[in-house]
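# Coordinate analysis (summary)
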Amino acid sequence: MKRDILLKPISQVPIFKVTGLFIIACLMVALLSLATDFSPITTAHAETVAAADAAHDSGHQEAVLDLSTAAPKLKREDYPSVGVSSRGLVWIVAQLHLFFAAFVLAVPLFVLVIEWVGMKTKDARYDDMAHEFMKISMTAYSITALLGGLLAFSLFLLYPQVMGYMMRVFDSQVLVYALLFFFESAFLYIYYYSWYALRYGNAKWLHLTIGLGLNVVGSTLLVIANAWATFMMAPSGVDIATGAVTGNIWEIIKGPLWNPVNLHRFIANIAFGGAIVGAYAAFKFLSARTQEMRAHYDWMGYTANFIAILAFLPLPFAGYWLMAEIYAYSQQMGITAMGGILAWLFIVQAVLIGTILLAGNYYLWSGMSRTEGSKRYAWLIKYIAMVLVACFLVWVTPHTLILSANEIKQLGGSHHHLLGPLGIMPAKNIAVNLMLIFTFLSFQLYRRADKVATVSYAPALNALMVAIYVVAIANVIFAGVYYGYFTNTVYKVGSSVMQVVSTLIVIIAGVTIDAFLFKDAKKLPSIWGQVTNRSQYALFALPIAFTWLMALMGYVRSSVRTHWHVYTVMKDNSPDNYVPAIGYAGNMMTIATIIFLIMVLFIFWIASLADTKQANPEEAQS
Amino acid sequence: MTRPYPQQAGGVLLTVLAFCLGLTLVFTLIANLLPQVEGEAPVEKEVDLGALTMDSFVALGETLFKGKGTCTLCHNNMGRAPDILASNMVQDGENRLKDERYKGKASDVEAYLRESMLDPSIYVVKGFGKKGSNDSVSPMPVVDKAPILLSQLEMDAVIAFMQAKDGNDVTVELPKEAPAEVAKTETSTAAPVESASTPEAVAAKYGCQACHSMMATESPVGPSLVDAKSRLNKEAIRQSIIDPAAVIAEGFVDMMPKDFGDKMTIRELDLIVDYLSADAAAPTPQDAVATTSTTSTTGENQ
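This one's a predicted model, so the numbers in the text were calculated from it and none came from an experiment.

Quick look at the overall build of chain B now. Each helix and strand counted, chain B has 11 helices and two strands in total. In sequence order, chain B lays out its α and β elements as α-β-α-α-α-α-β-α-α-α-α-α-α. Burial status across chain B gives 43% buried among its 302 residues. Considering only contacts within chain B whose residues lie at least 6 apart along the sequence, 63% involve residues at least 24 apart.

What follows is the structure, given as structure tokens:
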């Protein structure tokens, strides 16, 4: 049956359709880039080269530079106008492409793990679920490719000089990217369509190997594309004065922010992908017409939520690393993000992450109704909820308030005497670490709900676990209060490391202790499908908040360059070279998010349509 | 009790879509409720050197300090870098020149201030060096290089501002060469400097009407400013704002905040002084002398 693919005209086979589209897009991009590179040198570029040549001739240049690769100094008239905001157009298209790209790169990562678990446990449910996850990402993949082509066209059309410079800097690396996309397509379609052909025995290993190849290529694509973004933030391998290339391609790629962004995006993609497939499971659960289907999609939703939250927990630490590297590269850039014009965005970030954690916790608490054993822990939930809400409120407390003179007079200053101290980072660090610790506690209780420990040392391990929680929480609060409010700035930053380590210790110790505690444990009955419909909406809240959060943080990452295309090297003189107000940025994020969600729901609907079969009217009559 | 198999896929789709839109709009609403500030990119313009006074040069320095120079990103009261606005930079400069940790070649404060902008590591204030450098390397960027790119004229204006803001003599000479390009005053990527644009806005921003009768409001706490112009000339009004304890009006106690000179921008101070002294008698010769003598030190008001 699978061999039918070889019998169809090539244009009717999806793999060739999409790959063909992508190749056409790549060729056009390559042609455009060549056209930009070899077209008669434009005024701006010619002026830059002439100026650099003059400087060179007069002996001002110490080293010999390849001035043909210098960054052009652009004027307003160097930017083509299409009647609407160029930045707005590119913003939406790029954001949509990144949403889909993150999804299609992430899904094969955890699908491979799930498939491997299925093979090791010989539980076909895992294998079927992994295949279903892949089915969702297949439609998304073709949309990603189309949006990628659209983005490239938009960039070359609206920012030809910027793209020309980027092409001169990255040179043939761009073609490597295009070539890898071809391999990605090949691996992806072989992996998906050979699923049932290579399901058992050694063939399964071959299939897993194809999946591994898919992920290696996918991750390589990710880090190559990251290099473009991080080069624009913190350029390396070029002369800062002229922008001319001085290093090899590796020196250009490996800027100071490359690895932090790689790690952050890698983890974030998994959390995002998990959240999206969780929403798919919730959608299928809500529209399921049999108990069997409800049970299946309940389990799928649980697994997806598990993936999303598990990947989400270490994400703030990757974020810390990225921000620390930004500060190390340029304190000015770091403060622009955290203490300057972009600082208010972190209030929105707090709302989004708070939504994610509250929704994740709510889903876990709801899921505990699947087993009678959860009653042992039900009393704790209200306290966890109280801590989460209190921490959430601390996190969203702004540092400064916009007040009238009369309000300042009534308040006695621009900071409230009680709430003011909650607006600074030490308070927020305490809040976020406690939220993570208590989210892990919810997760741990959920995992324990259907088990009864039988090992003799269970009381000792339980006591140890409680002690670790108490010490970690005390440490997080002490480090935040003492070092945050009673010492100088240097110690404030150092204390956040102590807090992060405390949180990580809880997570690692919790997983380790439970592994020993529930060895040969007695399993209590757990009924999949026995959850409320309301709980499924938590699975929708997660991807909505994740999507908006991705848009928000991507905006912050890009905006720290302020009025530079390539920070310190190539100025942005376009009509959109200002940092927009938060409201405008929020509206753009919402537009991108809503378009994305509609497209995702369309994908879900298409996926469910594929399962629908029309009854044969003739058979019905007979 | 929940219905076990409630809806068709289409119905679920619409319900979910409504939920998604609702939640997304909540996030949008929050973003729109927060303070809306745009960070404008520097726009280059020419300075008319013929019309440049020391007052406007110092004002330009302040604008650059808080705008294009992005100095206030770090040099503020948050402890990221020495709080220049709260320090007398001339006194500090003299002390640093005598300090054995000073590694530069300057012999006077003006040269030191210029040197510290071009090579910030010549003297690093204790506790503010790069991590692990034992306060020998400054994290401050060089101001004439990207991304700041201050010109020579702009650096001089910033030095003039730093000297003038605490009442010290300005030693920087007004530029006399060909017109140079400088940044527009509203330029800022730092936290926004929201300067009031009318006398009413200045009075509201600093709460003047809370104590003084003015602008159709009455308050008995401080002297009425309705007739300020009949009692004080322009410079006296300016001084009474910057240094209110210098002369206490009869029948009133010394309770006016002393930090308006630090808080107000030059533009705001000019606006409120002009407003209060409007329709005043023609300047006396004494006034003219006062004005002339302050052209080089008007920055002390800041």
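A separate point is the overall build of chain A. Helices and strands together make up the secondary structure of chain A, namely 22 helices and four strands. With 622 residues in all, chain A has 56% of them scored as buried. Excluding contacts between residues fewer than 6 apart, the proportion of contacts in chain A whose partners are at least 24 apart in sequence is 84%. In the structure as shown, chain A presents an accessible area of about 26,900 Å², 69% of it carried by carbon and sulfur atoms.

So, about the environment of Cys74(B). With respect to the helices and strands, Cys74(B) occurs in the loop between helix H2 (54-66) and helix H3 (89-98). Looking at Cys74(B), the relative accessible area reads 13%, which means it is buried. Residues Cys74(B) and Ser116(B) lie 42 residues apart in sequence; the distance between their C-alpha atoms is 15 Å. With residues near it in sequence (within four places) discarded, Cys74(B) still touches Gln331(A), Ile335(A), Arg80(B) and Ala81(B).

All names here are of chain A. Between its first and last C-alpha atoms helix H5 (residues 124-158) spans 50 Å; for 35 residues at 1.5 Å apiece the expected length is 51 Å, and the two agree. Approximately 25° is the largest bend angle found in H5, and it occurs at Met138. The opening residue of H5, the one whose side-chain oxygen lies 3.0 Å from the backbone nitrogen of Arg125, is Asp123.

Facing 59 residues of chain A, the contacting portion of chain B comprises 55 residues. Summed over both sides, the interface of chain A with chain B buries roughly 4,900 Å², with 70% coming from carbon and sulfur. The tally of links between chain A and chain B comes to zero salt bridges. For the pair chain A and chain B, the interface holds six residue pairs in polar contact (both at pLDDT 80 or more). Of all the elements in the fold, those that place two or more residues in the side of chain A that touches chain B are helix H10 (258-286), helix H11 (291-312), helix H13 (331-338), helix H14 (345-367), helix H16 (405-411), helix H19 (489-517), helix H20 (533-559) and helix H21 (582-610) of chain A. A per-element tally of the side of chain A that touches chain B places H21(A) first, with 13 residues. Of the residues that constitute the side of chain A that touches chain B, the class distribution is 32 nonpolar, 23 polar and four charged.

Okay, the packing of aromatic side chains next. Residues and elements named next belong to chain A. Taken as a whole, this structure holds 40 aromatic pairs over all chains when the rule is applied. Its end group placed over the ring of Trp299, Arg125 keeps NZ or CZ at 4.2 Å from the ring centre. Of note, Lys451 hangs over the ring of Phe518, and the distance from its end group to the ring centre comes to 6.0 Å.

With that settled, the discussion passes to empty space enclosed by the protein. For the structure shown, the criterion picks out five cavities of 30 Å³ or more. Looking at the largest cavity, it is lined by 32 residues, and the ones nearest its centre are His75(B), Ala81(B), Ile84(B), Ser138(B) and Met140(B). Of all the secondary-structure elements, those providing two or more residues to the lining of the largest cavity are H13 of chain A together with H3, helix H4 (109-118) and helix H5 (152-164) of chain B. Ranked by residues supplied to the lining of the largest cavity, first place goes to H4(B) with four residues. Classifying every residue of the lining of the largest cavity gives 23 nonpolar, seven polar and two charged.

Residues and elements named next belong to chain A. Tracing the backbone shows Arg561 in the loop between H20 and strand E3 (564-566). Buried and unpaired, Arg561 has Asp572 as its nearest opposite-charge partner, separated by 6.5 Å. Among the polar contacts listed, one links the side chain of Arg561 to the side chain of Ser558, at a separation of 2.7 Å. Arg561 has contacts with Met232, Met233 and Tyr567, leaving out every residue within four places of it along the chain.

Attention shifts here to a nonpolar patch on the surface. Residue and element names in this part refer to chain A. A cluster of nonpolar side chains, Ile477, Phe478, Val481, Tyr482, Tyr485 and Phe486, forms an exposed patch at the surface whose accessible area comes to about 560 Å². Locating Phe486 in the fold gives a position in the loop between helix H18 (458-485) and H19. Judged by relative accessible area, which is 59%, Phe486 ranks as exposed.

So, about the pattern of salt bridges. Where side chains of opposite charge bring their charged atoms close, a pairing between them can arise. Under the definition given, this model contains 18 salt bridges over all chains. The closest approach of N and O atoms between Arg370(A) and Asp298(A), which form a salt bridge, is 2.5 Å. In this pair, Arg370(A) is assigned in the loop between H14 and helix H15 (378-395) and Asp298(A) in helix H11, connecting sequence segments 72 residues apart. The class of Arg370(A) is buried, set by a relative accessible area of 2%. A salt bridge links Asp274(B) to Lys234(B); the shortest N-O distance between them is 2.9 Å. Of this pair, Asp274(B) sits in helix H10 (residues 266-276) while Lys234(B) sits in helix H8 (residues 234-242); the two residues are 40 residues apart in sequence, bridging distant segments of the chain. Given a relative accessible area of 36%, Asp274(B) falls into the partly exposed group. Here the salt bridges share partners, and the residues they tie into one network are Glu115(A), Asp127(A), Asp128(A), Arg199(A) and Lys204(A).

About the criteria used
- Residues numbered from 1 in each chain as written.
- Chains lettered and ligands numbered in written order.
- Predicted model: local features only at pLDDT ≥ 70, side-chain atom pairs only at ≥ 80, totals over all residues.
- Heavy atoms only, no water.
- Helix = DSSP H or I, 4+ residues; strand = E, 2+ residues; numbered from the N terminus.
- Buried < 20%, exposed > 50% of the residue type's maximum accessible area, 1.4 Å probe, protein only.
- Contact = heavy atoms within 4.5 Å.
- Areas by Shrake-Rupley, 256 points an atom, 1.4 Å probe, with all protein chains shown as cover.
- Expected span 1.5 Å × (residues − 1).
- Bend = angle between axes of the 7 residues up to and from the residue.
- Polar contact = N/O pair within 3.5 Å; in protein donor to acceptor, adjacent residues only side chain to side chain.
- Buried area = accessible area lost by both parts, 1.4 Å probe.
- Salt bridge = Lys/Arg side-chain N within 4 Å of Asp/Glu carboxyl O.
- Nonpolar A, V, L, I, M, F, W, Y, C, P; charged D, E, K, R; others polar.
- Phe/Tyr/Trp six-rings, centres within 6.5 Å; stacked < 30°, edge-to-face > 60°.
- Lys NZ or Arg CZ within 6 Å of the ring centre and 35° of its normal.
- 1 Å grid on protein atoms, 1.4 Å probe; cavity = no way out; pocket = protein on both sides within 12 Å on 5 of 7 lines; lining within 4 Å.
- Points joined across faces, edges and corners; volume = space filled by probe spheres on them.
- Lys, Arg positive; Asp, Glu negative; His and termini not counted.
- Patch = residues over 30% accessible without salt bridge, like charges linked within 9 Å, V, L, I, M, F, W, Y side chains within 5 Å.

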